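Structural description and commentary
Chain by chain, the residues:
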Amino acid sequence: MATPTRTQISDLRGAARLAFDATVGITDIVEKMHRTIQLTPLPLGKSRAGATRGITGLVYRSVRGATHLVRLGVDAGFRPLNALLPEGESSATRDTLVSIVNGVYGDHLERTENPLAIDMQFRSGGRRMNPLTPGSVLPEASSRVMLVVHGLCLNESNWVRDGRGAIEELAVSLGYTPVFLRYNSGRAIADNGADLAAHLETLLDHWPQPATELAIVGHSMGGLVARSAAHQGRLAGHAWPELLRRLVFLGTPLHGSPLERGGHRLDYVMELSPYVAPFTSLGKARSAGIMDLRHGSITRDKQAFVPLPEDVACFALAATIGKSRNLVSERLVGDGLVPLDSALGRHPDPQRTFAIPAERQWVGHEVGHLELMHRPEVYAQLGKWLRSP
C-alpha cells in the first residue's frame, strides 16, 4: 500500500474544510427559509428573514456549533501528519481539479486559509521558479522574457495539447524565454494584478542576465490580470513596466462577459421574492474573480476605466464559434464566453473604447474560447506580430 504524502493530506484537509463550510452555508439557507415560512410574507417584497428563535433557533445554532467542533477536530487530526510524511508530487489531474476549485471559490479559500488555495508562482518546464533565483531553473535564459498567463479555472498545463506547447515553441523561436504564471483565479483581479506586479519586479531584478524586453500573453482573465499588473506596477514606481513592449490579449473580456452580468441579474431577480431570496447566497458564493468578469474590472474601483498602457504595443485576438460574422455571433455568442466587441476592446461609449489599431486585431471563425490557446492560425498571426519591430 502506497504511503500517503503531505500533498494528499493537505488536499484532504482542504476538501474537509470546504465540506464543513458548505454544511454551514446550507444550514443558513434552510434557517432563512424556515423563518420566511413562519413570517408568511407576500410573494413579492424584500426578505426580512433572519435567525429563527426559541427551540428552533437553538437547533440551528447547535448544528453550526457541532459542525465547527467537528471541523476543528478533523483539522487538528490531520495537521501533525505533515511532519511525518514525504512531500509527494502533484499530478495533472490534481492540478486541474484544484485550479477549477480556486476559480470558483478562490477568494473564500484564501480568506479561510484553506490549504487548497493556490499561491502565485512562476513556472518553467513543470517546475516552480523562485523569483529570487530564476537562474537555478533557467541558467541559459535570454534577455527577452515572455510571460504567459492562463485564464479562469485553468493553469499553465492548459497551454499544452497532445504533448505540444505551441506558445512555448513560438516564444523560443522568437528568442524569448517563456515563463508561465500559475495563480488563484478566484481572487479579485486587482489583488492578483498587484501581486503579479510585485513578483515581476523581483523576478526581472534577479534575472540571470539584464532583461531588455518583456512580452506578456494573457488568455481570457489572464489578459485582465496582466493589464492590472501593468497599471499597478506603474503606480508603484516599479522598473519592469519600462521593459514591457508587447501585450497580447487572447479572448480577453476587456469590457466584461455577459454570462457574469446574467448571473448578477439573476441574483437581483431572485431577491425580489422573500421565498427565493435565501437561495441567492448560492449564486453569490461565486468568487471575486468571476464577479470581476462582469465588467472586466482590473482595479478595486470596479467602475474605473483604465486605458491600455502607454508605449506598449497591444494586440487582440478574438473569435466567434460561427462560420461567418453576424450580429448574433458577434454580440451575444462570440467565442462562447466572450463577445467579439469585448474581446476587441470596443464599447458603445467612444471614451471607453480601447484604441487597438485594426492591424493589431484578429478574428477567428469556428473557434471556441479555449481553442484560442491551441489553434495554428492563432500562432501564425502571433508570430507575424511578434516578429515585427
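Residues numbered from 1 in each chain as written. Predicted model: local features only at pLDDT ≥ 70, side-chain atom pairs only at ≥ 80, totals over all residues. Heavy atoms only, no water.

**Comments concerning the overall build of the protein chain**
- Of regular secondary structure, the protein chain possesses 12 helices and 10 strands.
- For the protein chain, the proportion of its 389 residues judged to be buried stands at 49%.
- Considering only residue pairs separated by 6 or more positions, the protein chain has 78% of its internal contacts joining residues 24 or more positions apart.
- Put simply, the protein chain shows about 18,700 Å² of open surface, and 59% of that area lies on carbon and sulfur atoms. (Helix = DSSP H or I, 4+ residues; strand = E, 2+ residues; numbered from the N terminus. Buried < 20%, exposed > 50% of the residue type's maximum accessible area, 1.4 Å probe, protein only. Contact = heavy atoms within 4.5 Å. Areas by Shrake-Rupley, 256 points an atom, 1.4 Å probe, with all protein chains shown as cover.)

**What to know about the pairing of strand 9 (residues 313-320)**
- Within strand 9, eight of the eight residues are buried, which leaves the element mostly enclosed by the surrounding structure.
- Burial of strand 9 is two-sided: the residues Ala313, Phe315, Leu317 and Ala319 facing one way and the residues Cys314, Ala316, Ala318 and Thr320 facing the other way are all buried.
- As paired strands, strand 8 (residues 244-250) and strand 9 are joined by five bridges and run parallel to one another. Within strand 9, the position partnered with Leu247 by the bridge is Cys314. (Pairing = 2+ DSSP bridges.)

**Side note on the packing of helix 4 (residues 166-173) against helix 12 (residues 376-387)**
- With their axes 11 Å apart at the nearest point, helix 4 and helix 12 run at an angle of 25° to one another. As summarised for this structure, helix 4 and helix 12 are arranged roughly parallel, according to the angle between their axes. In terms of crossing hand, the pair formed by helix 4 and helix 12 is right-handed. Here Ala166, Ile167, Leu170 and Ser173 of helix 4 lie close against helix 12, whose contacting residues are Tyr379, Leu382, Gly383, Leu386 and Arg387. (Axes fitted to C-alpha atoms, helices over the stretch in contact; angles between N-to-C directions. Parallel < 35°, antiparallel > 145°, perpendicular 65-115°, else oblique. Left-handed = near helix turned anticlockwise from the far one by under 90°.)

**Focus: the packing of aromatic side chains**
- Overall, the coordinates contain two aromatic pairs when judged by the stated rule.
- Centroid distance Phe305 to Phe354: 5.3 Å. Interplanar angle 25°. Geometry classified as stacked. Taken together, the residues Phe305 in the loop between helix 9 (288-292) and strand 9 and Phe354 in the loop between helix 11 (340-344) and strand 10 (361-365) connect sequence positions 49 residues apart.
- Accessibility expressed as a relative area gives 5% for Phe354, which makes it buried.
- The ring of Tyr176 has Arg144 lying over it, and the distance from NZ or CZ to the ring centre is 4.1 Å. (Phe/Tyr/Trp six-rings, centres within 6.5 Å; stacked < 30°, edge-to-face > 60°. Lys NZ or Arg CZ within 6 Å of the ring centre and 35° of its normal.)

**A word on the pairing of strand 3 (residues 144-149)**
- For strand 3, the tally of buried residues reaches five of six residues, placing the bulk of the element in the interior.
- Note: strand 3 against strand 7 (residues 213-219), six bridges, orientation parallel. Bridge pairing in strand 7 links Val149 to Gly218.
- Looking at chain direction, strand 3 and strand 6 (residues 177-182) are connected through five bridges and run parallel.

**Description of helix 6 (residues 221-235)**
- Compared with an ideal rise of 1.5 Å per residue, which puts 15 residues at 21 Å, helix 6 spans 21 Å between its outermost C-alpha atoms and is within 8% of the ideal.
- Of all 15 residues in helix 6, 12 are buried; the element is thus mostly enclosed.
- Of all the residues in helix 6, the buried ones are Met221, Gly222, Gly223, Leu224, Val225, Ala226, Arg227, Ser228, Ala229, Ala230, Gln232 and Gly233.
- Lining the buried residues of helix 6 we find strand 3, helix 5 (189-205), strand 7, strand 8 and helix 9.
- Positive phi appears at Gly237, one or two residues downstream of helix 6, with a value of about 75°. (Expected span 1.5 Å × (residues − 1).)

**A closer look at helix 12**
- Its 12 residues place the ends of helix 12 16 Å apart at the C-alpha level, agreeing with the 16 Å of an ideal helix rising 1.5 Å per residue.
- For helix 12, the set of buried residues is Val378, Tyr379, Gln381, Leu382, Gly383, Trp385 and Leu386.

**Digging into the sheet that holds strand 2 (residues 127-129)**
- An order of 2-1-6-3-7-8-9-10 is seen for the eight strands of this open sheet, with the pairing classed as mixed. Of all the strands in the sheet, the pair left with one neighbour each is strand 2 and strand 10. Going from strand to strand, the sheet's axes swing by 25° on average, the running direction of each strand aside.
- Here six bridges tie strand 7 to strand 8, and the two strands are oriented parallel to one another.

**Overview of the pattern of salt bridges**
- Counting across every chain of the model gives 18 salt bridges.
- Glu110 is the salt-bridge partner of Arg187, the closest N and O atoms lying 3.0 Å from each other. Highlighted residues: Arg187 in the loop between strand 6 and helix 5 and Glu110 in helix 3 (residues 92-111), separated in sequence by 77 residues.
- Since its relative accessible area comes to 40%, Glu110 is described here as partly exposed.
- One salt bridge in this structure joins Arg375 and Glu371, with 3.9 Å as the shortest N-O distance.
- Connected through shared salt-bridge partners, Asp11, Arg94, Asp95, Arg123, Glu156 and Arg182 make up one network. (Salt bridge = Lys/Arg side-chain N within 4 Å of Asp/Glu carboxyl O.)

**Some thoughts on the side chain of Gln381**
- Tracing the sequence through the fold places Gln381 in helix 12.
- Discounting residues that sit within four places of it in the chain, Gln381 has contacts with Leu317 and Trp362.

**Description of the packing of helix 5 against helix 6**
- In contact at an axis separation of 7 Å, helix 5 and helix 6 are set at 60° when each is read in the N-to-C sense. By the angle class used here, helix 5 and helix 6 are oblique. The interaxial crossing formed by helix 5 with helix 6 has right-handed handedness. Taken together, the residues of helix 6 that come into contact with helix 5 (itself represented by Ile189, Ala190, Asn192, Gly193, Ala194, Leu196 and Ala197) are Met221, Leu224, Val225, Ala226, Ser228, Ala229, Gln232 and Gly233.
- The class makeup of the residues in the contact of helix 5 with helix 6 is 10 nonpolar, five polar and no charged. (Nonpolar A, V, L, I, M, F, W, Y, C, P; charged D, E, K, R; others polar.)

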